Amino acid sequence: MAGAKGEKEDVLKAFEEDSDAFFDSLLNDAGLDSKPSPKASPSSAVTAKPVSPSTASSKAAAATPPASAPKVPQAGASAVSESGSVEAQSTVATNASSSASLNLEEPLPSEGAAMFRMDSDGDDDDNVVESDTQDATQDIKPPEAPPAPADFTQEDLALREVLSKFYVQHAPEKLSNVNSIVVKYRGINVRTLWVQLCLKYNVPVVEGVDLLGQTLYRRSAFEFNDMERAKELDKRMADTQSSQGSGVLDCAGLFQRAVDQGAKDGDDGLLRLLTFRGAPDALPLRAQVWKVLLGYLPMKRHDEWNAIQAEKRALYAGYRSDLLSINEAHEVQINKVGASTSAVLEAEDLLQEVKNDVDRTRRDFEYFRRPPTQAALLALLFVYARLNPGVRYVQGMNEVAAVILYVMSSDPECAEADAFWCFSELMAEIKDGFMQALDNSGEGVYGMVESVTALLNSYDPELARHLQKTELSLFVFILRWCTLLFAQDVTLPDALRLWDSFIADPSRFQFTVHVCVAVLLLKREDLLQSEKSFVLAEVVQSAPRSTDLDELLTKAFAICAFERRGGALPTFPPRRSQVVDDLSEWVEGAAQTAAAAASEAAAVASEVGAEVTKNFQEKIAPVVLERAGQASAVAAEKAQEVQAWLQETAPARQEAYEQAQNHLSSLWASVRSTSQQVASEVSSSEAVGSAAARLSSAAESASGLFARASLVFAGNETAAQPTPPVHGQS
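Please read all numbers here as calculations on a predicted model, not as lab measurements. (Residues numbered from 1 in each chain as written. Predicted model: local features only at pLDDT ≥ 70, side-chain atom pairs only at ≥ 80, totals over all residues. Heavy atoms only, no water.)

**Structural notes on the overall build of the protein**
A tally of helices and strands in the protein yields 29 helices and 2 strands. Residues classed as buried in the protein amount to 51% of the 730 residues present. Working note: accessible area of the protein is about 33,400 Å², and carbon and sulfur atoms make up 50% of it. (Helix = DSSP H or I, 4+ residues; strand = E, 2+ residues; numbered from the N terminus. Buried < 20%, exposed > 50% of the residue type's maximum accessible area, 1.4 Å probe, protein only. Areas by Shrake-Rupley, 256 points an atom, 1.4 Å probe, with all protein chains shown as cover.)

What follows is the structure, encoded as structure tokens:
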């Protein structure tokens, strides 16, 4: 009896040792101390390993994985390291005190700024070593920012204030240099500054959007992808303002000067730059600007504008008289002269379809309740549908046409004709969203929906995962926002302001995508508070109308500025890998699986005997559960650091990943084998058998993930499929 009892104790001891070995390996790979002191409680915090001394070169730093990444042999430094981008991105995953990291506050050549060090002593702030302050007096004053120079503009002062608060929180020793940083990064380069600071100090991307939004130089041409074009327009804007003498020019006068200048050189760039930031509320000027930017009145044919308008207005009048007749009571009817019965019936059905939508268009606005307005809107939509049978009429066009008709109403006699031609020009660019033939094609508005989803994953992965887990589909909402350009989801004054930016966008309505993402980010707290799909749907549906327009544009401008850096490095937001996301979920699942297995084994041990049960519960189960808790606690951090490291070491050889796969599979095989031995020794309990099966399943999942990783970083993620475990797991 005593011999059997001793054998069972040996089995349990072996299980304890193998469990320790598994979790020690997992935590050691995460860069954590897996051997807590005997007196430490299970809930003690896990202490990170200290960063190695800063003796490596910056190129070596790019090839060296972070302390928390798997120890994989390296084939060499990343080929991108010479550009400085890899060093910049590596600081996301490494400790800020590592001297091998790049000084991220240096401006990048691609943004047109000179390279320099911002530290007053010329050293990178990562190399700052705390001096021995034990003998120093305790009344040392905290660092303070120097007074702002007298020539700082309001935008300079705004950047200085936000930057000072940022450094107080992240790097107080930088405060003395804040004025020189503002000078170096003012204007369009401010986005480069925040890219580098967010990467260097591991600032969440969604917070980086807020920081840039508060400090963005609105007059800079940040919406242009071409940096040379942006610099040219910045100079033209400065020249236009300074030519007024005092530098002060009213908004309407500035727009008129942009039109006059564009008429001379045939370039609408300056007018587009101004309109993107909002056209004057005076309808006559806004109407003229929209006509130019939509192509109704080409800037290059400025001398012919009057002739073009006269010709177009007469042409529309002919179309309308051929198709419709409108009496003095503003009743619209089909012109039946010379038409067959079938054609008349078809036309009447179309007219009634359009009329049903027109009658409920913008009923909250008095202008659209007037009979002349309703007749004009009905007529121009019907004429467009008959002249464009491939597009015809689709519900929602009434909302788009209504916005244009209101802007053109500054000239009542010609409003309908001008609105028709502007609507036709606009539909030529956005009609894809109204055509059923392009459903699910990935083109046009459907491509925009995919872009919104991708950007949300990049800028706020937490919110994206939350919406995915709650199974809330954003497709319907985003499709309507992009198709109708928010015409149905915001008030008319807000729609006019948004459309200024949409129409003036040099990337042709891609700014709509940035506005969609901004709407969701502004409602992130409300969305994260609920897991009920119907509650989330109500929040998303009401989001555009319940959002402050200035806040919405501020956030959308920041996203636009980040996205249109002309391919400048480093990449921001940092690219996320699906393999890394899967690995993060697997690490958490592995810890939970091991904890559950330990609990089941503890329950089985109670059947062996009171003494063995006591030994297991007091000595083994707490240790296993503690290891599982430690592994779960570092799962998220591990995944982020692995991501950064994987990006830096993409060229590593395939065999390195196979070694990592073999190592992890071996660990799982050991734990599974021991679990099977426990099951065999302890009366073949079903509970222990279940635990062993769950560990075996986790091992197979881990092997598959590492196989995917090896293929991904060989440049073939799309073809990656889970491969069988190396050690022949069953």
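That shown, we press on.
**Re the packing of aromatic side chains**
Tallied over the entire structure, the rule returns 21 aromatic pairs. Seen in terms of ring centroids, Phe 166 and Trp 194 are 5.5 Å apart; in terms of plane orientation they differ by 80°. Their pairing is edge-to-face. Highlighted residues: Phe 166 in helix 4 (residues 154–170) and Trp 194 in helix 6 (residues 190–200), separated in sequence by 28 residues. Judged by its relative accessible area of 0%, Trp 194 falls in the buried class. (Phe/Tyr/Trp six-rings, centres within 6.5 Å; stacked < 30°, edge-to-face > 60°.)

**A word on the side chain of Arg 286**
Within the element layout of this structure, Arg 286 appears in helix 11 (residues 283–294). For Arg 286, a relative accessible area of 3% translates into the label buried. Side-chain polar atoms of Arg 286 contact the backbone oxygen of Ala 279, separated by 3.4 Å. If we skip the residues at most four places from it in the chain, Arg 286 touches Ala 279, Pro 280, Asp 281, Val 407, Leu 496, Arg 497 and Asp 500. (Polar contact = N/O pair within 3.5 Å; in protein donor to acceptor, adjacent residues only side chain to side chain. Contact = heavy atoms within 4.5 Å.)

**Structural notes on the nonpolar core**
Core analysis: the largest hydrophobic core is formed by 163 residues, its most contacted members being Trp 194, Leu 381, Phe 423, Leu 498 and Trp 499. Looking at this core element by element, the count peaks at 11 residues for helix 14 (residues 371–387). The contacts of Phe 423, once residues within four sequence positions are left out, are Leu 380, Leu 381, Tyr 384, Met 397, Val 400, Ala 401 and Ile 404. (Core = buried A, V, L, I, M, F, W, Y, C linked by side-chain atoms within 4.5 Å.)

**With respect to the environment of Thr 215**
Within the element layout of this structure, Thr 215 appears in helix 7 (residues 205–215). Assessed through its relative accessible area of 2%, Thr 215 is described here as buried. For the pair Thr 215 and Leu 159, spaced 56 residues apart in sequence, the C-alpha separation works out to 4.9 Å. Beyond its immediate chain neighbours, meaning those up to four positions away, Thr 215 contacts Ala 158, Leu 159, Val 162, Val 190 and Trp 194.

**Some remarks on the pattern of salt bridges**
Tallied over the entire structure, the rule returns 29 salt bridges. Arg 236 serves as the salt-bridge partner of Glu 232, at 3.9 Å between the closest nitrogen and oxygen. Placement of both Glu 232 and Arg 236 in helix 8 (residues 227–242) is noted, with a separation of 4 residues, approximately one turn of the helix. Residue Arg 236 is classed as buried on the basis of its relative accessible area, which comes to 11%. One connected set of salt bridges, linked through shared partners, spans Arg 229, Glu 232, Arg 236, Asp 265 and Asp 267. (Salt bridge = Lys/Arg side-chain N within 4 Å of Asp/Glu carboxyl O.)

**Here's the deal with the packing of helix 4 against helix 5 (residues 178–185)**
Packing of helix 4 against helix 5 brings their axes to within 10 Å, and their N-to-C directions diverge by 130°. Comparing the axis directions of helix 4 and helix 5 gives the class oblique. Of the two elements, helix 4 crosses helix 5, and the hand of that crossing is right-handed. Contact with helix 4, carried on its side by Asp 156, Leu 159, Arg 160, Leu 163, Ser 164 and Tyr 167, involves Val 178, Asn 179, Ile 181 and Val 182 of helix 5 and no other residues of that element. Among the residues making up the contact of helix 4 with helix 5, the classes are represented as 6 nonpolar, 2 polar and 2 charged. (Axes fitted to C-alpha atoms, helices over the stretch in contact; angles between N-to-C directions. Parallel < 35°, antiparallel > 145°, perpendicular 65-115°, else oblique. Left-handed = near helix turned anticlockwise from the far one by under 90°. Nonpolar A, V, L, I, M, F, W, Y, C, P; charged D, E, K, R; others polar.)

**Details of the packing of helix 6 against helix 7**
Running from amino to carboxyl end, helix 6 crosses helix 7 at an angle of 155°, the nearest separation of the two axes being 10 Å. As judged from the angle between their axes, helix 6 and helix 7 are roughly antiparallel. Two packed elements cross with a definite hand, and for helix 6 against helix 7 that hand is right-handed. Taken together, the residues of helix 7 that come into contact with helix 6 (itself represented by Val 190, Arg 191, Trp 194 and Cys 198) are Gly 208, Leu 211, Leu 212 and Thr 215. Looking at the contact of helix 6 with helix 7, its residues break down into 5 nonpolar, 2 polar and 1 charged.

**Section: helix 15 (residues 397–408)**
For helix 15, with 12 residues, the first-to-last C-alpha span of 17 Å sits near the 16 Å given by 1.5 Å per residue. Helix 15 sits mainly inside the fold: 12 of its 12 residues count as buried. Residues Met 397, Asn 398, Glu 399, Val 400, Ala 401, Ala 402, Val 403, Ile 404, Leu 405, Tyr 406, Val 407 and Met 408 constitute the buried set of helix 15. Taken together, the buried residues of helix 15 touch helix 11, helix 13 (341–358), helix 14, helix 16 (415–430), helix 19 (475–484) and helix 20 (492–504). (Expected span 1.5 Å × (residues − 1).)

**Description of unusual backbone geometry**
A cis amide bond links Leu 569 with the next residue in sequence, Pro 570, at an omega value of 0°. Take Pro 570: it is sitting in the loop between helix 24 (549–563) and helix 25 (578–608). Cis geometry marks the peptide bond from Phe 572 to Pro 573; its omega dihedral reads 0°. Mapped onto the elements, Pro 573 comes out in the loop between helix 24 and helix 25. Look at His 330: it is not a glycine, yet its phi comes out positive at around 65°. Inspection of the secondary structure assignment puts His 330 in the loop between strand 1 (324–326) and strand 2 (332–334). Residue classification places His 330 among the partly exposed positions, given a relative accessible area of 36%. Even without glycine at this site, Leu 485 takes up a positive phi of about 55°. Relative to the assigned elements, Leu 485 resides in the loop between helix 19 and helix 20. When its relative accessible area of 1% is taken as the criterion, Leu 485 is described as buried.

**As for the side chain of Gln 309**
If you trace the backbone, Gln 309 turns up in helix 12 (residues 305–323). Taking relative accessible area as the criterion, Gln 309 reaches 12% and is therefore assigned buried. With sequence-adjacent residues up to four places away left out, Gln 309 is seen in contact with Lys 291, Tyr 296, Leu 297 and Asp 418.

**Brief notes about the confidence of the model for the protein**
In the predicted model, the protein carries a mean pLDDT of 75, and the fraction of residues at 70 or more is 57%. Per-element mean pLDDT across the protein ranges from 36 in helix 3 (residues 85–90) up to 98 in helix 21 (residues 511–522). (pLDDT = per-residue confidence, 0-100.)

**Observations regarding helix 8**
Every α-helix carries 3.6 residues per turn, so stepping three or four residues along brings you back to the same face. Its 16 residues give helix 8 an end-to-end C-alpha distance of 22 Å, which sits within 8% of 22 Å, the value for a rise of 1.5 Å per residue. The set of residues buried in helix 8 consists of Met 227, Ala 230, Leu 233, Arg 236, Met 237, Thr 240 and Gln 241. Among the structural elements, helix 6, helix 9 (251–265) and helix 10 (269–276) are those in contact with the buried residues of helix 8. Its side-chain oxygen 3.0 Å from the backbone nitrogen of Glu 228, Asp 226 forms the N-cap of helix 8.

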